[in-house]
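Chain by chain, the residues:
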Amino acid sequence: ILNVEQSPQSLHVQEGDSTNFTCSFPSSNFYALHWYRWETAKSPEALFVMTLNGDEKKKGRISATLNTKEGYSYLYIKGSQPEDSATYLCALEANDYKLSFGAGTTVTVRA
Amino acid sequence: NAGVTQTPKFQVLKTGQSMTLQCAQDMNHEYMSWYRQDPGMGLRLIHYSVGAGITDQGEVPNGYNVSRSTTEDFPLRLLSAAPSQTSVYFCASSYGWGARNSPLHFGNGTRLTVT
């Protein structure tokens with residue numbers, strides 16, 4: 001199980017503002033990087049699975065980039081809305097069928 | 001479209017009792033896994049399975065057993081419950097071999113308290 005770190009642990013953002021946060025991971029044994037959104041009282045839901053260095057994925061106002069050589073991924077939320085309030089998890093998939101999750105970044109959007 | 005179904009949603013056990021958390025998926029996913037969620041920590045892998053008849057240990061397997069007799073079902077057994085097993089448990093599955101390039105689909109979780 002590999003050490004995956006997310007920062008910051010939590011953040012507050014004003015409605016309409018954009019924000020971003022980081023997932024850091026060991027670059028050796030990399031196979032894929034997953035992002036999940038976890039809303040309160042629900043279960044985690046997949047946002048992206050990224051495999052290629054330089055990959056960029058987008059889903060509505062949320063996008064993610066990946067740097068496998070230096071071992072980090074950024075998640076961006078553009079024009080934050082209250083419904084974006086959630087904990088965002090990243091997970092590293094190595095070549096052993098296991099996912100190692102970070103502790104998450106909790107985003108609170110203030111109206 | 002049921003997806004991943006976990007039962008029960010809540011459970012209270014006394015120390016030393018045993019129980020089974022049920023997990024079933026109707027998506028014909030090969031890969032199934034169990035995680036526990038504790039405050040301030042990421043999801044930690046307990047056990048996983050890459051297909052019927054195949055299981056393996058994750059990060060925190062002690063005190064738990066699993067079996068995979070069918071593609072659909074992946075029960076998690078607590079052999080002798082301990083207070084340290086108080087947690088929220090999630091079952092998750094994905095299509096394809098292992099979790100490779102396939103996102104996990106999560107059940108709704110089981111909140112377990114051991115007194």
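Thresholds applied
Residues numbered from 1 in each chain as written. Chains lettered and ligands numbered in written order. Predicted model: local features only at pLDDT ≥ 70, side-chain atom pairs only at ≥ 80, totals over all residues. Heavy atoms only, no water. Helix = DSSP H or I, 4+ residues; strand = E, 2+ residues; numbered from the N terminus. Contact = heavy atoms within 4.5 Å. Polar contact = N/O pair within 3.5 Å; in protein donor to acceptor, adjacent residues only side chain to side chain. Pairing = 2+ DSSP bridges. Axes fitted to C-alpha atoms, helices over the stretch in contact; angles between N-to-C directions. Phe/Tyr/Trp six-rings, centres within 6.5 Å; stacked < 30°, edge-to-face > 60°. Buried < 20%, exposed > 50% of the residue type's maximum accessible area, 1.4 Å probe, protein only. Disulfide = S-S within 2.5 Å.

(A) Looking closely at the environment of B:Ser87. Residues and elements named next belong to chain B. On the secondary structure map, Ser 87 appears in strand E9 (residues 87-94). With 23 residues separating them along the chain, Ser 87 and Thr 110 place their C-alpha atoms 8.3 Å apart. In this view, Ser 87 contacts Arg 36, Gln 37, Asp 38, Thr 110, Arg 111 and Leu 112; residues no more than four positions away in its chain are not counted. Within the local environment of Ser 87, its side chain forms a polar contact with the backbone oxygen of Gln 37, the two atoms lying 2.9 Å apart.

(B) Broad picture of the sheet that holds strand E7 (residues 64-66) of chain B. All names here are of chain B. Pairing is antiparallel across the open sheet formed by four strands, whose spatial order is E1-E3-E8-E7. The open sheet is flanked by strand E1 (4-7) and E7, the only strands paired with a single partner. For this sheet, the mean angle separating the axes of adjacent strands, direction not counted, is 20 degrees. Both strand E3 (residues 19-25) and strand E8 (residues 76-78) contribute to a ladder of three bridges, which runs antiparallel. In the strand pairing of E8, Leu 21 is matched with Leu 76.

(C) Looking closely at the packing of aromatic side chains. Residue and element names in this part refer to chain A. Under the criterion given, the structure shown has 14 aromatic pairs over all chains. Ring centres 5.5 Å apart and planes at 50 degrees place the aromatic pair Phe 21 and Tyr 88 in the tilted group. Here Phe 21 is found in strand E3 (residues 19-24), whereas its partner Tyr 88 is found in strand E9 (residues 86-94), with 67 residues between them in sequence. Ring plane angle 45 degrees and centroid distance 5.1 Å describe the contact between Tyr 72 and Tyr 74, whose orientation is recorded as tilted. By relative accessible area, which is 27% here, Tyr 74 ends up partly exposed.

(D) Broad picture of the state of the cysteines. Residue and element names in this part refer to chain B. In the structure shown here, the tally under the stated rule is two disulfides over all chains. A sulfur-sulfur distance of 1.9 Å marks the disulfide that ties Cys 23 to Cys 91. On the S-S bond that ties Cys 23 to Cys 91, the torsion sits near -70 degrees, and the link is left-handed. Remark: Cys 91 occurs in strand E9 and Cys 23 occurs in strand E3; sequence separation between them is 68 residues.

(E) Representation of the pairing of E3(A) in the model. In the sheet, strand E1 (residues 5-7) of chain A pairs with E3(A) via three bridges, with the strands oriented antiparallel. Of the residues in E3(A), the one forming a bridge with A:Ser7 is A:Thr22.

(F) Inspection of the sheet that holds E1(A) at higher detail. All names here are of chain A. One open sheet holds the five strands; their spatial order is E1-E3-E8-E7-E6, and the pairing between them is antiparallel. Edge positions in the sheet fall to E1 and strand E6 (56-59), since each of these pairs with one other strand and no more. When strand polarity is set aside, the average angle formed by the axes of neighbouring strands in this sheet is 15 degrees.

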